[in-house]
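# Examining the three-dimensional arrangement
Residue strings, one per chain:
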Amino acid sequence: MEPDEQRTEPRRPSTASLFRPNRSASTSLPWRRQQKLVALGDNDSSRPMVEKPVVEEERLGAGFGATGGPLKQGGTSLGRRLRRASLTLMKGIVCRDRSNSEPAADLYDSRPVTSHSPWDRLRQATTMRHLKTSHGERAGLDTIYSPLESHFPDRPVPGHGFAPPIIPEHTGAAAKAAAAALQDGHLAHVYQQFLYDEFNDRESGIGITVTSPGSEEEAMTSKESDVVRVDFVEQLPHELSAHILSYLDAIHLGVASRVSQHWREMIQDQYIWRQSFLREKTHTFATSRRTQPGVMAGVPSLRPGLEWNRIYQAREALDRQWKSRSNVRAVYLNGHLDSVYCLQFDENKIITGSRDRTIRIWDMRTLQCRLVIGPPEVVALTSILFDPNGKPIHYASTPDNRSSNPSVPVTVSFPTHHKASILCLQYDDDILVTGSSDSTCIVYSVKAGYRPVRRLEHHTAAVLDLTFDEKHIVTCSKDMSICVWDRETGDLIKQLRGHTGPVNSVQMRGNTIVSCSGDFTVRLWNIDSGKTIREFTGHKKGLACCQFSEDGRFIASAGSDRVIRIWDANTGECLREITAHDGLVRSLHLDSTSGRLISASYDTDIKVFDMATGEQVLNFPRWHSSWVLSAKCDYRRIISTGQDARILIMDFGADVENIHMLESARKYEVACEAGFI
């Protein structure tokens, strides 16, 4: 073969043999390998040859000098390279004992797999058929064997007999890249890193970079030290640093404030505390969105001048108080003359309805009664304001019977009034609606000083419960029916029938109504069609109360069987069954924001359950001296009423510093002037 006919191919990296013992680690290092050139003529593969042993010095001298750089072409004669390559190749061929008729798979299995075997060199040569140079042009190198077909196979084909393997045209990209890197004069350590990334089989030691002990650790330590030394709070603009820090919660903000004086000053930025508070403290259990600021849910309105770090601190302290019954401050409000059936409250006031036929409005801050609304024959009596000794009957008292905050409320009677017990009520900023044993409901204007606007008449028995939204007023009655009224006009829209017992409780979300009855069932209704969507069965006795989560996903029901059931409103499945009390469960209240479920019973107990788990969180046994008829809660308090004619306020935030900062933007004085008190 003439020198101008030789064809050279860069070596292709290959995996080492698993059966070659005591192999030197240097064979896996690129700068320790022999860089060989394979150049064969068309008929050289059939020529018997003998390979001479290749020692470590030859591998070093084949392509690289002692310093790792490439040798000049004049260092080794071309003929010697050709002879060495051919001898090496033919030795591997002669040493085979198998005949050409053996299956290709067997030949492939017995083929040497070391990185310096003849077949390895041959595979490398055939893989580099369309090598591109660093300039993007195809190198003038072809494989020594080319398939007769016009297209290469999709997968590698093992060699048969003396024939070399066929490597698909579209493979070998990594080897081509490695060859191009060497051809362009890249340093050996770049090639070594490439081999490790692309060809390391993660099992053998091939491609493992040998470094001096501790060098990697020192490099990592150096990098980490560089990161630690960068104070982003000082380097970044104030606004960007504040935004980053706002993703920390209160605990980690406290830790961060101890990093340095500059960090401490930065963390005093109220923007950081506001954003952290709104992210961490507005999650809800069963509402359609996060708690909005300024809606009397423990999240103050967004207004200038607020100290959000103190607000956050107060909220954290309040959350801890809910976990400890010992920190509750209890106060009783006295003044009603008979059982108190119903109540509703907010941050400024409490409104109650009683068997004594009166509606009373209490100041939440001073705990004084401000207004009594009732029939003329009732409010005209002196006993509604004073006891036989001339002392006011409206006052606050503690569990140890110490009295305080006496008051003499204004009494008022209107031509439109109830003639029997007030059994249910609900209010918002505009109207108050009450239902009575006289089978009617009355709508009052809150801003007009609670003057009656209209009476709703259609039921034929006592109105046991009611609810309303911006469009409808829904009432239920002992007459086993549910009435849907237009809020603006008071017109009756439709009457729903289906229960076979008194409908004791009703709730509404959108155009869906949930009701429970003495017939043991809970029903879901569609207001538009007036038909039952779903019936929930499982209770063993009559039901007294039910609740509908704000997002419409959950229903809670309870009654005479002393069991609270939690239902999936969409499927009708009973999710949880809670054996809660020793007597009839008279009242339920579901706080969709916190996920607390408040229950009150004829056994005189008030209990708090976690809706998510069904576990009892708090228990207040015998805090009333008789049946508990109603109980509700907000972010701070539980307020209940009972047959003992008293109103119980359990305040979890009374001893929390800056608790008033959690209140909404509505000022107390404004509420009084608007008629809210």
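In what follows, the accompanying structure is described. (Residues numbered from 1 in each chain as written. Predicted model: local features only at pLDDT ≥ 70, side-chain atom pairs only at ≥ 80, totals over all residues. Heavy atoms only, no water.)

## Things to note about helix 12 (residues 270-280)
Listed in full, the buried residues belonging to helix 12 are Ile272, Trp273, Ser276, Phe277 and Leu278. Looking at the buried side of helix 12, the elements it contacts are helix 9 (238-245), helix 10 (250-256), helix 11 (261-267) and helix 13 (308-322). For helix 12, the N-terminal capping position is held by Asp269, with its side-chain oxygen 2.9 Å away from the main-chain nitrogen of Tyr271. (Buried < 20%, exposed > 50% of the residue type's maximum accessible area, 1.4 Å probe, protein only. Helix = DSSP H or I, 4+ residues; strand = E, 2+ residues; numbered from the N terminus. Contact = heavy atoms within 4.5 Å. Polar contact = N/O pair within 3.5 Å; in protein donor to acceptor, adjacent residues only side chain to side chain.)

## Examining the nonpolar core
One finds Phe277, Ile606, Phe620, Ile638, Met650, Phe652 and Leu662 to be the most contacted residues of the largest nonpolar core, which totals 44 residues. The element contributing the most residues to this core is helix 13, with seven residues. Not counting chain neighbours up to four residues away, the residues in contact with Leu662 comprise Phe277, Gly298, Val299, Pro300, Ile311, Ala314, Arg315, Leu318, Glu347 and Tyr635. (Core = buried A, V, L, I, M, F, W, Y, C linked by side-chain atoms within 4.5 Å.)

## Brief notes about the packing of aromatic side chains
Summed over all chains, the structure comprises 10 aromatic pairs. Note on Phe232 and Trp263: the rings are 5.4 Å apart at their centroids and 75 degrees apart in plane angle, and the pair reads as edge-to-face. Of this pair, Phe232 sits in helix 8 (residues 232-235) while Trp263 sits in helix 11, and the two are 31 residues apart along the sequence. Here the aromatic rings of Phe277 and Tyr312 are separated by 5.7 Å at their centres, their planes lie at 80 degrees, and the arrangement is edge-to-face. In this pair, Phe277 sits in helix 12 while Tyr312 sits in helix 13, placing the two residues 35 residues apart along the sequence. The rings of Trp273, Phe277, Trp308 and Tyr312 are connected pair by pair, giving a single aromatic cluster. Of note, Arg596 hangs over the ring of Trp322, and the distance from its end group to the ring centre comes to 3.7 Å. The ring of Tyr332 is capped by Arg646, whose NZ or CZ atom sits 3.8 Å from the centre of that ring. (Phe/Tyr/Trp six-rings, centres within 6.5 Å; stacked < 30°, edge-to-face > 60°. Lys NZ or Arg CZ within 6 Å of the ring centre and 35° of its normal.)

## Details of the sheet that holds strand 31 (residues 647-651)
Within the open sheet, the six strands sit side by side as 7-6-1-31-30-29. Their pairing is antiparallel. Each edge of the open sheet carries a strand with a single partner, namely strand 7 (403-407) and strand 29 (628-633). If you compare each strand with its neighbour and ignore which way they point, the axes differ by 20 degrees on average. Where strand 1 (residues 329-334) and strand 6 (residues 394-397) come together, three bridges link them in antiparallel fashion. Directly across from Leu333, in strand 6, lies its bridge partner Ala396. (Pairing = 2+ DSSP bridges. Axes fitted to C-alpha atoms, helices over the stretch in contact; angles between N-to-C directions.)

## Quick notes on the packing of helix 12 against helix 13
Close contact between helix 12 and helix 13 brings their axes to 8 Å; oriented N to C, the two are set at 30 degrees. Across from Gln270, Trp273, Arg274, Ser276, Phe277 and Glu280 in helix 12, the residues of helix 13 making contact are Trp308, Asn309, Ile311, Tyr312 and Arg315. Looking at the contact of helix 12 with helix 13 residue by residue, the class counts come to five nonpolar, three polar and three charged. (Nonpolar A, V, L, I, M, F, W, Y, C, P; charged D, E, K, R; others polar.)

## A word on unusual backbone geometry
The phi angle at Arg357 is positive, at roughly 75 degrees, despite the residue not being glycine. Note on placement: Arg357 falls in the loop between strand 3 (349-354) and strand 4 (359-363). In this structure, Leu367 is a non-glycine residue whose phi angle is positive, near 60 degrees. On the secondary structure map, Leu367 appears in the loop between strand 4 and strand 5 (369-373).

## A closer look at the pattern of salt bridges
Scanning all chains against the criterion turns up 22 salt bridges. The closest approach of N and O atoms between Arg553 and Asp551, which form a salt bridge, is 2.5 Å. According to the relative accessible area criterion, Arg553 is partly exposed, its value standing at 35%. Residue class for Asp551 comes out partly exposed when judged on its relative accessible area of 24%. Through salt bridges with shared partners, a single ionic network connects Arg365, Arg636, Arg637, Asp651 and Glu663. (Salt bridge = Lys/Arg side-chain N within 4 Å of Asp/Glu carboxyl O.)

## A word on helix 13
Given a rise of 1.5 Å per residue, 15 residues ought to cover 21 Å, and the 21 Å separating the end C-alpha atoms of helix 13 matches this to within 8%. The complete set of buried residues in helix 13 reads Trp308, Ile311, Tyr312, Ala314, Arg315, Ala317, Leu318, Gln321 and Trp322. The inward-facing, buried residues of helix 13 abut helix 10, helix 12, strand 26 (596-601), strand 28 (616-620) and strand 30 (637-642). (Expected span 1.5 Å × (residues − 1).)

## Quick look at the pairing of strand 4
With respect to burial, strand 4 is a largely interior element, five of its five residues being buried. The two faces of strand 4 match: Ile359, Ile361 and Asp363 on one face and Arg360 and Trp362 on the other face are all buried. For strand 3 and strand 4, the ladder comprises five bridges, and the chain directions are antiparallel. Residue Gly353 lies in a different strand from strand 4, and its bridge partner there is Ile359. Counting the residues that bridge the hairpin from strand 3 to strand 4 gives four residues, and of these Arg357 lies at a positive phi of roughly 75 degrees.

## Structural notes on the sheet that holds strand 28
Read from one edge to the other, the open sheet built from four strands follows the order 25-26-27-28, with strand pairing classed as antiparallel. Two strands bound the open sheet, and with one partner strand each, they are strand 25 (585-591) and strand 28. Strand-to-strand twist of the sheet, defined as the mean angle between neighbouring strand axes without regard to direction, takes the value 15 degrees.

## Notes on the side chain of Asp519
Residue position: Asp519 is located in the loop between strand 18 (512-517) and strand 19 (522-526). Of the polar contacts made by the side chain of Asp519, one reaches the side chain of His499; its length is 3.1 Å. Each residue touching Asp519, except ones within four places of it in the same chain, is listed here: His499, Thr500 and Gly501.

## Topic: the environment of Leu662
On the secondary structure map, Leu662 appears in the loop between strand 31 and helix 15 (668-673). Sequence separation between Leu662 and Arg310 is 352 residues, and the spatial gap between their C-alpha atoms is 9.7 Å.

## A closer look at the pairing of strand 27 (residues 606-610)
Here strand 27 lies mainly inside the structure; four of its five residues are buried. Bridge analysis of strand 26 against strand 27 gives five bridges, and the strand direction is antiparallel. Each bridged residue has a counterpart across the sheet, and for Ile598 the counterpart in strand 27 is Val608. Between strand 26 and strand 27, which follow one another and run antiparallel, lie four residues, and Thr604 among them has a positive phi close to 70 degrees. With four bridges connecting them, strand 27 and strand 28 associate as antiparallel partners. Across the sheet, residue Lys607 finds its bridge partner in strand 28, namely Asn619. If you look at the hairpin formed by strand 27 and strand 28, you'll find five residues sitting between the two strands, and Gly614 has a positive phi there, around 80 degrees.

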